[in-house]
Amino acid sequence: MRVVFGWGRLERIEEEVERLKGGKVVFIADRAVRKAVEELNLSFDYEIFSDVEPEPEIGIVDDIIEKFSFDTVVGVGGGSTLDVAKLTAVAAGEKAKAVELVGKKLPERKCKLLLCPTTAGTGSEVTKLAVFKIPKREVKYVFDDESLYADIAIIDPKLTLSCPPHVTASSGIDAFCHAIEAYTSLFSNPISDMFAEKAIAIIPKALREAYANGENVRARTDMSFASLLAGIAFNSAGTGLGHALGYAHNHIHNSPHGKSVGITMPYVLQYNAIADLEKHARIARALGESGSSLRETALRAGIGFAKLLKDLGMPHKLSDVGAGEDDIEKIVDRIFLSEKHVRRNPRVVRREEMYDVVRKSIHGILREEEY
Ligand SMILES: [Fe+2]
């Protein structure tokens, strides 16, 4: 995969499409960037589809394939839009409906695929993952297949300038969770750690600054860079309980993905801390927290994360988004539907302990004691 990073880099997309010998192009773009694509005055043959809803159902892929004919798919948008672009490029030319690909090895991609994120968060442009709502499935399905890698990823931080503060916050928190969960994953390795550590060091400062002032070019560039690094890290090491729990309670409030994963992350960090004190202490220090011992510092990672959520105007307990004691059983059940995430978590995810984690998440109970 070719990765291109730079301010204003989308304006040179013609060079990249030419490099791929792109043929007929369909842009799958967020509604908000349709105009920006039109204003590029592109000389190649293209059409634009810009009706991707947030958190899309898988059927949208079949609608696009039916409506357009194309050799190359260019995704320009947030994570959901890029995921639609990825699966569209793989499913095009196949007889099966996209939903019939669930649970199977994906066919080899025959269309060219180029991805340009407009948010700093999902890292989808560099991963082999695509997340979809599937009819009659309780939690979202994650396609995980090498066919989903793009040919070219163009990361242009300028595209994130128009992100409103709440989108900046939610997508930035998603990137932070990717970095943290990849870093602490049982499948982490020295290479994924290198990318994750750098992202963890950048995000607490850059995300606050980008949220406080969306015009801050340096903070926007730092966040796009950190999101890319986090994407590379979790593409190989995966995410864990943080994402499993985020998926498990989303049915209650239907929040954007990053907000959903972020709400319960402080409690996940405190649950996981004893499984790897050293790494959790490093996360805590990146968040500006420290304690009188390695253990105390590690446990403060959750507190530092909750403070970051507060600074970004985000909820930090499930009761803020309508969850109560009656929801505990169902949330705990649903955690175990994300089997791969549960398997990668550094601390064994025990059902009886999840009741406690979910209860603490609902009421906002974090350990602050030193003893
Ligand atoms: Fe995520």
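Remember, it's a predicted structure, so these values are computed and weren't measured experimentally.

### Things to note about the overall build of the protein
What the protein contains, in helices and strands, is 15 helices and 8 strands. Taking 371 residues into account, the globule formula puts the C-alpha radius of gyration at 21 Å, and the protein, at 20 Å, falls close to it. With respect to the three principal axes, the spread of C-alpha positions in the protein is 65 × 45 × 35 Å. Within the protein, the proportion of its 371 residues that are buried is 58%. Within the protein, contacts between residues at least 6 apart in sequence are counted, and of these 73% link residues at least 24 apart. Accessible surface, the protein: about 15200 Å² in total, of which carbon and sulfur atoms supply 51%.

### A short note on the packing of helix H5 (residues 165–184) against helix H11 (residues 277–286)
Close contact between H5 and H11 brings their axes to 10 Å; oriented N to C, the two are set at 160°. When the axes of H5 and H11 are compared, the pair comes out roughly antiparallel. With respect to the hand of their crossing, H5 and H11 are arranged in right-handed fashion. Together, Ile180, Tyr183 and Thr184 of H5 and Lys279, His280, Arg282 and Ile283 of H11 make up the contact between the two elements. Considered class by class, the residues forming the contact of H5 with H11 number 3 nonpolar, 2 polar and 2 charged.

### Some details on the coordination of the iron ion
Around the iron ion, the donor atoms from the protein are Asp174 (OD), His178 (NE2), His243 (NE2) and His257 (NE2), and they sit 2.1 to 2.2 Å away. Coordination at the iron ion is irregular, judged from the 4 donor atoms that bind it and the angles of 83 to 168° they form at the metal.

### Comments concerning the UniProt feature "domain: Fe-containing alcohol dehydrogenase-like C-terminal" (unreviewed entry) in the protein
As annotated in UniProt, the feature "domain: Fe-containing alcohol dehydrogenase-like C-terminal" (unreviewed entry) corresponds to residues 168–361 in the numbering used here. The span residues 168–361 is 73% helix and 0% strand, and its two end C-alpha atoms sit 23 Å from each other.

Conventions adopted
Residues numbered from 1 in each chain as written. Predicted model: local features only at pLDDT ≥ 70, side-chain atom pairs only at ≥ 80, totals over all residues. Heavy atoms only, no water. Helix = DSSP H or I, 4+ residues; strand = E, 2+ residues; numbered from the N terminus. Rg over C-alpha atoms; globule rule 2.2 N^0.38 Å. Buried < 20%, exposed > 50% of the residue type's maximum accessible area, 1.4 Å probe, protein only. Contact = heavy atoms within 4.5 Å. Areas by Shrake-Rupley, 256 points an atom, 1.4 Å probe, with all protein chains shown as cover. Axes fitted to C-alpha atoms, helices over the stretch in contact; angles between N-to-C directions. Parallel < 35°, antiparallel > 145°, perpendicular 65-115°, else oblique. Left-handed = near helix turned anticlockwise from the far one by under 90°. Nonpolar A, V, L, I, M, F, W, Y, C, P; charged D, E, K, R; others polar. Donors = N, O, S within 2.8 Å, 3.2 Å for Na, K, Ca; no water. Tetrahedral: all angles 85-135°; square planar, octahedral: opposite > 155°, others 65-115°. UniProt positions renumbered as here; feature names shortened; annotations may be inferred.

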